[in-house]
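# Geometric and topological summary
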Amino acid sequence: MISSMRISRSSSAVVSAWLIAACLSGCVVSRPEPTLPPGAPLPGETPPGETPPGSTQPAPGPGEAQPPPSERPPAQGPRQFRLGPAATALVTQAHAQAGSGEFGQAAVTLERALRIEPDNPLLWIELGRVRLGEGNAAQADAMGRKAVALATGDPSAQAAGWRLIADSLRARGRDPEAADAEQRAGTLSPH
Amino acid sequence: MALYVLYLDLLVTHQFEGRRWTLPAQVYAAPLELYAGLALSPAELEGELQRLGYRRTTALDRPGTYRVQGERIDVALRPVRFADETRTATLLSVVAGPKGLESLRDGAGQEVPVLRLEPLLIGSIFPIHGEDRIVVTPQEVPALLPAALKAVEDRKFDSHHGVDPVAMLRALWVNVRARQIEQGGSTLTQQLVRSYFLSTRQTFTRKIREAIMAMALDAHFTKADLMNAYINEIFLGQDGDRAIHGFGLASQFYFGKPLAELDLSEVALLVAVVRGPSYYDPRRHAERSRARRDLVLKVMAEQGIVKAEDASAAARRPLGVTSRPAGAYYPAYLDFVRRTLRRDYHDQDLTEAGLKIYTSLDPRAQEQAEHALERELARLDRQHKRPEPLEGALVVTTPQSGDVIAIVGGRNVGYDGFDRALDAHRSMGSLVKPFIYLTALESGRYNAATVVQDAPIDLKLANGRHWQPENFTHEVYGPVPVVRALAESLNLATVGVGLDVGLPKVADTLQRFGLPQPPLQVPAMLLGAVEVTPLEAAQLFNGLASGGFHNPLRAVRAVISADGKPLKAFPLEVSQVASPEAVYQLDRMLVEVMERGTGRGARAVLPAGLTVAGKSGTSSDFRDSWFAGFSGSHLAVVWVGYDSDEPTGFTGSAGALPVWAHIMAGLNTSSWEAPMPEGLAEMHIEFPTGLRVAPGCSDDMVAVVVPGDASIPAKPGCSFPDNGNPVTTILNRAEQWLRGLGH
């Protein structure tokens with residue numbers, strides 16, 4: 001069922017790189033909440049169904065305390081994606097599964113998380129990493145691009161998306177393109 | 001004669017020894033994921049539990065029960081096998097407030113971040129002869145059931161040798177007097193033989209054969225074996241083409257829960273049904289079956305199986321059957337499941353091998369969708385008064401995952417017939433327009449504010465004929481901005497744009513988004529002379545709803561074998577098929593369709609403040625009424641029309657839109673609020689003319705999104721602080737506003 005047999009030497013290297021990255025994304029998850037300006041809705045007060053749980057928090061800033069009258073709330077501006085508790089638990093489980101080579105199971109677990117937070121780029125990056133781990137670089141690439149699109153306004157999530165794209169390009173021997181992708185990541189968020 | 005007996009003996013032992021019921025694949029809905037923050041009210045949670053056959057108690061004494069204590073609901077979850085995990089019976093405490101679930105804890109009081117309820121069994125894939133069953137082991141059978149069967153059907157079961165001569169003679173006497181077969185007098189073993197080996201035709205020779213075979217069975221097998229075989233074999237109901245065999249399936253079919261959880265009154269009802277599943281059908285003949293159930297209870301008390309007071313208490317209970325039979329609820333959805341699996345499995349694998357199939361069906365969304373379609377079609381029929389009833393079909397997906405969560409194939413939802421969602425190939429009409437404008441946006445030569453000509457068109461075709469399309473209103477609108485041409489679904493303007501970007505480009509866009517066949521590249525393609533099924537239309541719009549990423553729509557998530565081995569997974573796959581910038585610009589225009597265009601009628605039905613995007617579709621002569629649209633978390637495509645292809649007399653906005661709006665309103669859905677990609681800018685233009693305006697400059701303006709470097713002519717007399725670039729305009733405004741805060 002799982003094509004773990006097909007992992008080439010280079011993609012095992014990618015996997016170990018990812019396991020390190022997994023720790024990093026764990027750090028993203030546990031980052032303290034930004035302080036919200038007075039009057040902004042608290043996370044718990046967001047009406048359910050309006051926003052997926054824990055998807056984004058607008059970064060603090062006077063410009064976002066209240067949208068100007070008769071304007072849509074700004075779609076852009078700095079954002080920082082984080083995972084809600086349910087998705088965090090599932091990502092932890094998926095890391096354990098991927099760590100023991102069960103990429104298919106890890107992907108299924110991450111799909112559960114994605115059904116809870118479909119717009120969270122961090123989850124698409126996680127799933128892309130698993131696809132890369134099982135040797136499916138094309139899907140990893142597509143999920144990286146999906147993540148970059150969803151992560152508009154969050155440079156660090158966008159950078160993580162570009163790094164996934166770079167790794168998936170390298171896994172297919174497309175080194176010059178990979179270098180470009182890596183560079184985009186670097187510009188967005190230096191290592 | 002001796003040889004004949006020997007032959008029957010061999011036949012019976014051989015067949016019965018190697019007996020293996022063919023096990024139709026069981027199909028499950030998506031499990032409901034519970035987690036703190038999920039928007040699910042206490043009543044909805046209770047509804048979900050009841051749908052799974054959980055019973056409200058005060059004791060919480062066994063799996064399959066729950067109790068409500070104020071805001072807390074304690075659930076004794078049954079053991080369950082998911083595609084990727086097996087879970088033992090477990091306790092769960094959920095605190096549910098008016099805004100949704102607040103916390104989940106396990107039996108030890110530990111916080112649980114996320115937990116799935118068991119998936120609902122929604123049906124099975126049974127063979128042509130229609131025999132469907134769920135096989136149960138003796139451990140899964142409540143002790144009352146064999147006792148009741150013996151008391152009612154065959155009191156000497158434990159001691160006779162397969163036949164009961166006294167009962168047979170009594171029956172024979174009755175039958176001779178009546179000169180026809182009226183009374184059975186059959187033992188359980190004989191009934192088993194009849195069901196297992198013989199036709200149901202009643203003749204005297206057949207009776208003799210049956211008796212010999214029953215004696216043979218009795219000689220070779222234990223009573224416990226025979227009882228278990230009986231419980232799994234016997235016919236207990238009919239549901240269309242589907243024959244309900246065995247108490248395991250009957251329990252699900254009538255009560256929606258496992259056999260092990262049936263109480264006395266429920267066991268008694270199933271035993272009552274044995275005697276005549278059609279005559280004592282508890283759904284169709286409630287009184288009759290109730291009388292027989294009470295008779296069964298009385299006999300059970302007389303025979304000392306239960307206490308008299310328990311029997312009379314059970315007799316006071318309602319029948320307790322679910323309003324609709326469990327399984328085969330959703331023929332159109334199961335149809336899609338079957339077709340998906342046919343690529344990988346032979347029919348026999350599906351109908352015999354006991355596979356478990358896990359799907360994405362969302363029972364709540366499915367029921368909402370069925371009701372919305374039924375109700376709105378009935379309303380339209382009353383308005384239009386045609387002899388032929390209107391038909392409809394619809395598909396609901398969650399766009400980012402590509403999960404198909406509901407399919408309705410026609411207004412008679414229980415009917416396993418023509419599945420319009422998958423098989424009705426209808427002209428897509430104006431549903432094609434978004435793909436024309438997307439192609440135009442991708443060319444870099446158009447944006448939402450680009451002024452295009454809505455002017456008469458006269459094309460000489462290859463066959464010498466002239467093609468002269470018209471607008472729906474038969475009027476000509478002159479110069480209009482693209483956002484308006486799409487919102488008001490102007491045919492002439494759209495054809496102009498489509499011819500300018502080129503038919504091959506538009507055809508390519510459609511195919512990138514998942515159109516299975518290359519469309520015929522004729523100008524009429526630009527007005528939707530492209531046949532699609534509702535499912536295919538959903539596939540096309542799914543790519544618009546997920547930012548230009550294509551995911552193959554899927555109903556099946558995983559298949560596992562009878563012994564729990566994973567056989568096949570259908571993983572989430574995405575591919576980018578359009579630039580996110582172009583799709584975002586288009587989607588913002590589709591929001592304007594809902595705000596001020598042909599979709600605005602949905603406003604009255606949708607929750608206030610819900611941002612949605614969509615497009616109506618009307619094919620030529622009003623034969624097809626379509627609506628396709630999406631929120632942040634759901635996509636729905638609705639088709640309404642006549643099977644005969646007669647004109648309906650109404651547009652997509654009048655026919656399909658109300659159905660669509662009611663579906664969206666019934667789902668717990670979120671606003672479409674994709675982030676604006678970098679390099680784009682939001683600005684205001686005058687809706688009729690497309691001229692750039694500042695707020696206050698026009699009483700008919702619309703916000704559009706264009707490439708940041710687009711230059712849009714300003715309305716004369718409308719002053720802009722920087723006289724130029726819209727991005728800086730917005731930045732300047734924001735800066736002014738920020739300064740204003742400081743004062």
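## Here we look at the overall build of chain A
Of the regular secondary structure elements, chain A holds seven helices and two strands. For chain A, the α and β elements follow one another from N to C terminus as α-β-β-α-α-α-α-α-α. Relative to its full complement of 191 residues, chain A shows a buried share of 43%. Here the contacts in chain A between residues at least 6 apart in sequence split such that 61% fall between residues at least 24 apart. A total accessible area of about 8700 Å² is found for chain A, and carbon and sulfur atoms account for 60% of it.

## Some words on the overall build of chain B
Scanning chain B from terminus to terminus reveals 23 helices and 32 strands. Judged by the C-alpha coordinates and their principal axes, chain B covers about 105 × 70 × 45 Å. Per-residue burial for chain B yields a buried fraction of 56% across its 743 residues. Taking the intrachain contacts of chain B between residues at least 6 apart in sequence as the baseline, contacts between residues at least 24 apart amount to 68%. Summed over its atoms, the accessible surface of chain B is roughly 30800 Å², and 53% of this surface lies on carbon and sulfur atoms.

## What to know about the pairing of strand β32 (residues 701–707) of chain B
Residue and element names in this part refer to chain B. Among the seven residues that make up β32, five are buried, leaving the element largely enclosed by the rest of the structure. Of the strand pairs in this sheet, strand β31 (residues 680–686) and β32 are connected by seven bridges, and their pairing is antiparallel. Counted as the bridge partner of histidine 684 is alanine 703 from β32.

## Focus on the nonpolar core
All names here are of chain B. One finds Leu34 and Ile357 to be the most contacted residues of the largest nonpolar core, which totals 156 residues. Broken down by element, the residue count for this core peaks at eight residues, all from helix α21 (residues 580–596). Residues contacting isoleucine 357, with those up to four places away along its chain left out, are Ala25, Gln26, Val27, Tyr28, Ile125, Val337, Leu341, Leu350, Val556, Ala558 and Val559. Core analysis: the second largest hydrophobic core is formed by 62 residues, Ala229, Phe253, Leu270 and Val274 among them.

## Some details on the side chain of glutamate 48 of chain B
Residues and elements named next belong to chain B. On the secondary structure map, glutamate 48 appears in helix α2 (residues 42–51). Residue glutamate 48 is classed as buried on the basis of its relative accessible area, which comes to 9%. Those residues in contact with glutamate 48 that lie beyond four places of it in its chain are Leu32, Leu117 and Arg364.

## As for unusual backbone geometry
All names here are of chain B. Even without glycine at this site, leucine 60 takes up a positive phi of about 55 degrees. Mapped onto the elements of the fold, leucine 60 is located in the loop between β3 (55–56) and β4 (65–69). Residues other than glycine seldom take positive phi values, yet serine 489 does so here, at roughly 55 degrees. For serine 489, a relative accessible area of 10% translates into the label buried.

## Some thoughts on the state of the cysteines
Residues and elements named next belong to chain B. As enumerated under the stated definition, the model contains one disulfide over all chains in all. The side chain of cysteine 697 participates in a disulfide bridge whose partner is cysteine 718; the two sulfur atoms lie 1.7 Å from each other. Here the residue cysteine 697 occupies a position in the loop between β31 and β32, and cysteine 718 occupies one in the loop between β32 and α23 (726–742), the gap between them amounting to 21 residues. Given the relative accessible area of 9%, cysteine 718 is considered buried.

## Quick word on the confidence of the model for chain B
Summing up the model confidence of chain B, the mean pLDDT is 89 and the portion of residues at 70 or higher is 92%. Among the prediction metrics, the complex's ipTM stands at 0.84, with pTM recorded as 0.83.

## Topic: the pattern of salt bridges
According to the stated counting rule, one finds 61 salt bridges over all chains in the structure shown. Here aspartate 381 of chain B and arginine 411 of chain B are joined by a salt bridge, their closest N and O atoms 2.6 Å apart. Of this pair, aspartate 381 of chain B sits in helix α14 (residues 363–384) while arginine 411 of chain B sits in the loop between β17 (403–408) and α15 (420–423), and the two are 30 residues apart along the sequence. Overlapping salt bridges, with partners in common, bring together Glu111 and Arg115 of chain A together with Asp403, Arg554 and Arg557 of chain B in one network.

## Section: the pairing of strand β28 (residues 613–618) of chain B
Across the six residues of β28 of chain B, six count as buried, placing the element largely inside the fold. Remark: five residues form the turn of the hairpin made by β28 of chain B and strand β29 (residues 624–630) of chain B, two consecutive strands paired antiparallel; aspartate 621 of chain B in that turn has positive phi of roughly 60 degrees.

## Notes on the sheet that holds strand β11 (residues 121–125) of chain B
All names here are of chain B. Strand order in the open sheet made by the five strands is β11-β1-β15-β25-β26, with mixed pairing throughout. Because the sheet does not close on itself, it has two edges, and the strands there are β11 and β26 (566–569). Within the sheet, the average angular offset between the axes of one strand and its neighbour, ignoring direction, is 20 degrees. With three bridges joining them, strand β25 (residues 556–560) and β26 adopt antiparallel strand pairing. Directly across from isoleucine 560, in β26, lies its bridge partner proline 566.

## A short note on helix α8 (residues 246–255) of chain B
All names here are of chain B. When you tally the buried positions in α8, you get ten out of ten residues, the bulk of the element. Along α8, the residues classified as buried are Gly246, Phe247, Gly248, Leu249, Ala250, Ser251, Gln252, Phe253, Tyr254 and Phe255. Glycine 256 sits one or two residues past α8 and shows a positive phi near 70 degrees.

## Some details on the sheet that holds strand β8 (residues 90–97) of chain B
Residues and elements named next belong to chain B. Spatial ordering of the open sheet is given by β3-β4-β5-β8-β9, a layout of five strands whose pairing is mixed. This sheet does not close on itself; its edge strands, each paired only once, are β3 and β9 (100–106). Pairing of β3 with β4, which is carried by two bridges, proceeds in the parallel orientation. Bridged to arginine 55 within β4 is threonine 65.

## Focus: the environment of aspartate 621 of chain B
Residues and elements named next belong to chain B. Position of aspartate 621 among the secondary structure elements: in the loop between β28 and β29. Under the relative-accessibility criterion, aspartate 621 is labelled partly exposed at 48%. A C-alpha to C-alpha distance of 9.0 Å links aspartate 621 and phenylalanine 650, two positions 29 residues apart in sequence.

## A word on a nonpolar patch on the surface
Residue and element names in this part refer to chain B. There is a patch of nonpolar side chains on the surface, built from Leu3, Leu6 and Leu10 and spanning about 350 Å² of accessible area. Looking at where leucine 6 falls in the secondary structure, it is placed in helix α1 (residues 2–17). By relative accessible area, leucine 6 is classed as partly exposed at 48%.

## Focus on the packing of aromatic side chains
Going through the model one piece at a time under the given rule, you end up with nine aromatic pairs over all chains. Through a chain of ring-to-ring contacts, the aromatic side chains of Phe435, Phe513 and Phe541 of chain B assemble into a single cluster. Sitting over the face of the ring of tryptophan 124 of chain A, lysine 146 of chain A holds its NZ or CZ atom 5.1 Å from the ring centroid. The ring of phenylalanine 253 of chain B has arginine 283 of chain B sitting right over it, with the charged end atom 4.8 Å from the ring centre.

## Quick word on helix α4 (residues 121–133) of chain A
All names here are of chain A. The terminal C-alpha atoms of α4 lie 18 Å apart, and with 13 residues this matches the ideal 18 Å at 1.5 Å per residue to within 8%. Counting buried positions along α4 yields 13 of 13 residues, so the element is predominantly enclosed. Put simply, asparagine 120 is the residue that caps the front of α4, since its side-chain oxygen is 3.0 Å from the backbone nitrogen of leucine 122. Downstream of α4 by one or two residues, glycine 135 has phi in the positive range, about 95 degrees.

## Looking at the packing of α4 of chain A against helix α5 (residues 137–150) of chain A
Residues and elements named next belong to chain A. Direction vectors running N to C along α4 and α5 enclose 170 degrees, while the axes themselves pass 8 Å from each other. The orientation of α4 with respect to α5, classified from their angle, is roughly antiparallel. Listed contacts from α5 to Pro121, Trp124, Ile125, Leu127, Gly128, Arg131 and Leu132 of α4 are Ala137, Gln139, Ala140, Met143, Lys146, Ala147 and Leu150. For the contact of α4 with α5, the class distribution of residues is ten nonpolar, two polar and two charged.

## Notes on the environment of leucine 394 of chain B
Residue and element names in this part refer to chain B. Tracing the sequence through the fold places leucine 394 in strand β16 (residues 391–398). Accessibility expressed as a relative area gives 0% for leucine 394, which makes it buried. Put simply, leucine 394 and isoleucine 305 are 89 residues apart on the chain and 52 Å apart in space, counted from C-alpha to C-alpha.

## Some words on the packing of α14 of chain B against helix α22 (residues 656–666) of chain B
Helix-helix packing: each pair is described by the crossing angle between the helix axes and the interaxial distance. Residues and elements named next belong to chain B. Between α14 and α22, whose axes approach to 9 Å, the crossing angle comes to 150 degrees. It follows that α14 is roughly antiparallel to α22 by the angle criterion. Note that α14 runs across α22; the crossing there is right-handed. For the pair formed by α14 and α22, the contact residues are Gln368, Ala369, Ala372, Leu373, Arg375, Glu376 and Arg379 on the first element and Pro658, Val659, His662, Ile663 and Gly666 on the second. Grouping the constituent residues of the contact of α14 with α22 by class yields six nonpolar, three polar and three charged.

What counts and what doesn't
Residues numbered from 1 in each chain as written. Chains lettered and ligands numbered in written order. Predicted model: local features only at pLDDT ≥ 70, side-chain atom pairs only at ≥ 80, totals over all residues. Heavy atoms only, no water. Helix = DSSP H or I, 4+ residues; strand = E, 2+ residues; numbered from the N terminus. Buried < 20%, exposed > 50% of the residue type's maximum accessible area, 1.4 Å probe, protein only. Contact = heavy atoms within 4.5 Å. Areas by Shrake-Rupley, 256 points an atom, 1.4 Å probe, with all protein chains shown as cover. Pairing = 2+ DSSP bridges. Core = buried A, V, L, I, M, F, W, Y, C linked by side-chain atoms within 4.5 Å. Disulfide = S-S within 2.5 Å. pLDDT = per-residue confidence, 0-100. Salt bridge = Lys/Arg side-chain N within 4 Å of Asp/Glu carboxyl O. Axes fitted to C-alpha atoms, helices over the stretch in contact; angles between N-to-C directions. Patch = residues over 30% accessible without salt bridge, like charges linked within 9 Å, V, L, I, M, F, W, Y side chains within 5 Å. Phe/Tyr/Trp six-rings, centres within 6.5 Å; stacked < 30°, edge-to-face > 60°. Lys NZ or Arg CZ within 6 Å of the ring centre and 35° of its normal. Expected span 1.5 Å × (residues − 1). Polar contact = N/O pair within 3.5 Å; in protein donor to acceptor, adjacent residues only side chain to side chain. Parallel < 35°, antiparallel > 145°, perpendicular 65-115°, else oblique. Nonpolar A, V, L, I, M, F, W, Y, C, P; charged D, E, K, R; others polar. Left-handed = near helix turned anticlockwise from the far one by under 90°.

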